[in-house]
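Descriptive structure summary
What follows is each chain in one-letter form.
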Amino acid sequence: MRLGLFGKALCAAAALALGLSLAHAQDKGLENPRSTTFHTALKGKKVVFVPLSMGFDLTEGWAAQMRKQADRLGYDFEIRDPAWSTDAGTKAIQSLISEKPDLMVIHNPDIQSYARLLKQAQAAGIKIVQINLESNTTTDSYVGADWTEIGRKAAEAIVERCGAGKGISTKVAIDTGVPTAASDVFQLHGIYEVLDAHPEIQVVSQQATEYNPEKARSIMATVLQQHDDLCGAIGIWDNQDTGTASAIKEAGKSDQVFLVTSGGGNQVGCENVKNGLFNLYISYNVPLQGDLLNQEIVRLLMSDATAGEIQTMYFNPLTLITPENVNQRNCWTLDDLK
């Protein structure tokens, strides 16, 4: 096909315009439509966190990371703090169902108390991420520890230390927190999966501390009076198990009783490993959980799926902290996360 003089001139003009356009783009860059869509989709969204309580390492750590992301991406973030009251938490969720935020992050006190309310919230169109403690109701997402896995690892360590012919005896004690909490019911299942395969291990005490360090100390002091040859102990949470560790130390049995606990991996827990109060500290790593939680928040806020339509979960990796490997890399402070 031959171009006339006018056609050639038109092509030359188009080429010149294109060249000028590209030169202009190179000078000032090109808009990334994916970035624009990402940020625009999050503007004006509202996320509300309902913890067990604020004021301790786990919830303060997650909140710091959620707040930092909300500030960066321009959506609203609020906390409704029940201060350890399940009734207050129930009322907070009921109020939020009426207010209709885009997403709630729920830290369940047990597997049942909020179960019906979570179903109601999703029916009302509110997306829900459960963090670290599950409910019987499956929601859009769960991010946190696999408590069954923690129980297995704790029991395996106890068997290794207190199995037949290995320790001063085969006697062990278990301190739980709240019997209906996910951290208790699922962790105990994992513990007994292992212990049932080792019938030589004798569980001489299994008592709930209600997450109270002083109650944990009192329970362990009594157990040691009744079983002077106790070999090992498993606790549910490092904050309560400082009391267990104190009782063991006061009895002069730190070299005898092998104490396993779990927690978020904060610096205080690591110091207790360094100081010989905890022999094995199973960390579920709050900074990692916070990162995963933030990713789920953004994913759900941007998703066109309705609340409860797609249900996912992610059990984050665990870190086994011992006196041999405890270091700054495995531990964190709240200032690190702010």
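The structure under discussion appears in the preceding block.
Residues numbered from 1 in each chain as written. Predicted model: local features only at pLDDT ≥ 70, side-chain atom pairs only at ≥ 80, totals over all residues. Heavy atoms only, no water.

1. Considering the overall build of the protein
We apply this condition: Helix and strand definitions follow DSSP, with helices as H or I runs of at least four residues and strands as E runs of at least two, each counted in order from the N terminus. Atoms counted for the radius of gyration: C-alpha only. Globule rule: 2.2 Å times residue count to the power 0.38. With a 1.4 Å probe rolled over the protein chains alone, any residue whose accessible area is under 20% of its type maximum counts as buried; one over 50% counts as exposed, and the rest are partly exposed. Two residues form a contact once any of their heavy atoms are found within 4.5 Å. Only the protein chains shown count as covering a residue, and every accessible area follows the Shrake-Rupley method with a 1.4 Å probe. Positive charge is attributed to Lys and Arg, negative charge to Asp and Glu, and no charge count is given to His or to the chain ends. Positions of charges follow a simple convention, taking NZ of Lys, CZ of Arg, CG of Asp or CD of Glu.
For the protein, the count of helices and strands is 12 helices and 12 strands. In summary, the protein has a C-alpha radius of gyration of 27 Å against a globular reference of 20 Å for 338 residues, an excess of more than 25%. Its C-alpha atoms give the protein principal-axis dimensions of roughly 105 × 45 × 35 Å. Counting all 338 residues of the protein, 51% fall into the buried class. Pairs at least 24 residues apart make up 73% of the contacts formed inside the protein by residues separated by at least 6 positions. When the accessible surface of the protein is summed, it comes to about 15900 Å², and 52% of that surface belongs to carbon and sulfur atoms. Charge centroids of the protein, computed over 29 positive and 39 negative side chains, lie 9 Å from each other.

2. Some remarks on the sheet that holds strand β4 (residues 127–131)
What counts here: Should DSSP find at least two bridges between two strands, the strands are regarded as paired. Working convention: axes come from line fits to C-alpha atoms, limited for helices to the stretch in contact. Angles between N-to-C directions cover 0 to 180 degrees.
Read from one edge of the open sheet, six strands run β2-β1-β3-β4-β5-β11, paired in parallel fashion. The strands lining the two open edges of the sheet, one partner per strand, are β2 (76–79) and β11 (312–315). Pairs of neighbouring strands in the sheet enclose a mean axial angle of 15 degrees, with direction left out of account. With three bridges connecting them, β4 and strand β5 (residues 141–144) associate as parallel partners. Bridge pairing links I131 to V143 in β5.

3. Some words on the sheet that holds strand β6 (residues 171–176)
The six strands are arranged β7-β6-β8-β9-β10-β12 in an open sheet whose pairing can be described as mixed. The open sheet is flanked by β7 (202–208) and β12 (319–321), the only strands paired with a single partner. With strand direction ignored, the average angle separating the axes of adjacent strands in the sheet is 15 degrees. Relative to strand β10 (residues 280–283), strand β9 (residues 258–263) runs parallel, the two being bridged by four bridges. Considered in β10, the bridge of V260 is made with L280. Sitting on the sheet, helix α6 (residues 147–162) touches β6, β8 (232–235), β9, β10 and β12, and the angle it makes with β9 is about 165 degrees.

4. Notes on the pairing of strand β3 (residues 103–106)
Every second residue of β3 is oriented toward a common face, with L103 and V105 on one face and M104 and I106 on the other, all of them buried. Bridge analysis of strand β1 (residues 46–50) against β3 gives four bridges, and the strand direction is parallel. Paired with V47 across the bridge in β3 is L103. Here four bridges tie β3 to β4, and the two strands are oriented parallel to one another. When the sheet's bridge partners are listed, M104 is paired in β4 with I128.

5. Things to note about the nonpolar core
Under the convention used in this document: The term nonpolar core refers to a set of buried residues drawn from Ala, Val, Leu, Ile, Met, Phe, Trp, Tyr and Cys, joined through side-chain atoms within 4.5 Å.
Among the nonpolar cores identified, the biggest contains 61 residues, and F49, V105 and I297 are the most heavily contacted of them. Tallying contributions element by element places α6 first for this core, with eight residues. The contacts of V105, once residues within four sequence positions are left out, are V47, V48, F49, V50, M66, V129, I131, L293 and I297. Of all hydrophobic cores here, the second largest spans 19 residues; its members include A173, A247, V257 and Y281.

6. Re the packing of helix α8 (residues 213–226) against helix α9 (residues 238–250)
Just so we agree on the cut-off: We call a crossing left-handed when the near helix sits turned anticlockwise from the far one by less than a right angle, and right-handed when that turn is clockwise.
At a minimum axis distance of 7 Å, the contact between α8 and α9 shows a crossing angle of 35 degrees. The two elements α8 and α9 meet at a crossing, and its hand is right-handed. Residues P213, A216, R217, M220, A221 and L224 of α8 touch α9, and the partners they reach there are N239, Q240, T242, G243, T244, S246, A247, I248 and E250.

7. Side note on the packing of aromatic side chains
The cut-off we apply is this: Each Phe, Tyr or Trp ring (for Trp, its six-membered ring) is paired with any other whose centre lies within 6.5 Å, and the angle between the two planes then decides the class: stacked below 30 degrees, edge-to-face above 60, tilted in between.
If you walk through the whole model with that rule in mind, you get seven aromatic pairs. Ring centres of F56 and W84 lie 5.2 Å apart, and the angle between their planes is 20 degrees; on these two criteria the pair is classed as stacked. Of the two residues, F56 is situated in the loop between β1 and α3 (57–73) and W84 in the loop between β2 and α4 (86–99); the sequence distance between them amounts to 28 residues. By relative accessible area, which is 10% here, F56 ends up buried. On the accessibility criterion, W84 (45% relative accessible area) is partly exposed. Judged by centre distance (5.2 Å) and plane angle (70 degrees), the rings of W147 and Y284 are edge-to-face. Placement of the pair is W147 in helix α6 and Y284 in the loop between β10 and α11 (286–302), with a sequence separation of 137 residues. The burial state of W147 is the same as that of Y284; both residues are buried. Following the ring pairs from residue to residue traces out a cluster consisting of F56, W84, Y211 and W237.

8. Considerations on the packing of helix α2 (residues 33–42) against α11
In plain terms, the rule: If an angle is under 35 degrees, it is roughly parallel; if it is over 145, roughly antiparallel; if it lies from 65 to 115, roughly perpendicular; otherwise it is oblique. Gly is put with the polar residues, along with every residue not named as nonpolar or charged; the nonpolar set is Ala, Val, Leu, Ile, Met, Phe, Trp, Tyr, Cys and Pro, and the charged set is Asp, Glu, Lys and Arg.
Across the interface, α2 lies against α11 with an axial gap of 9 Å and an inter-helix angle of 90 degrees. Viewed along their axes, α2 and α11 adopt a mutual orientation that is roughly perpendicular. Within the contact between the two elements, α2 uses T37, F38, A41 and L42 and α11 uses V298, L301 and M302. By residue class, the composition of the contact of α2 with α11 is six nonpolar, one polar and no charged.

Just distances and angles here, no functional claims.
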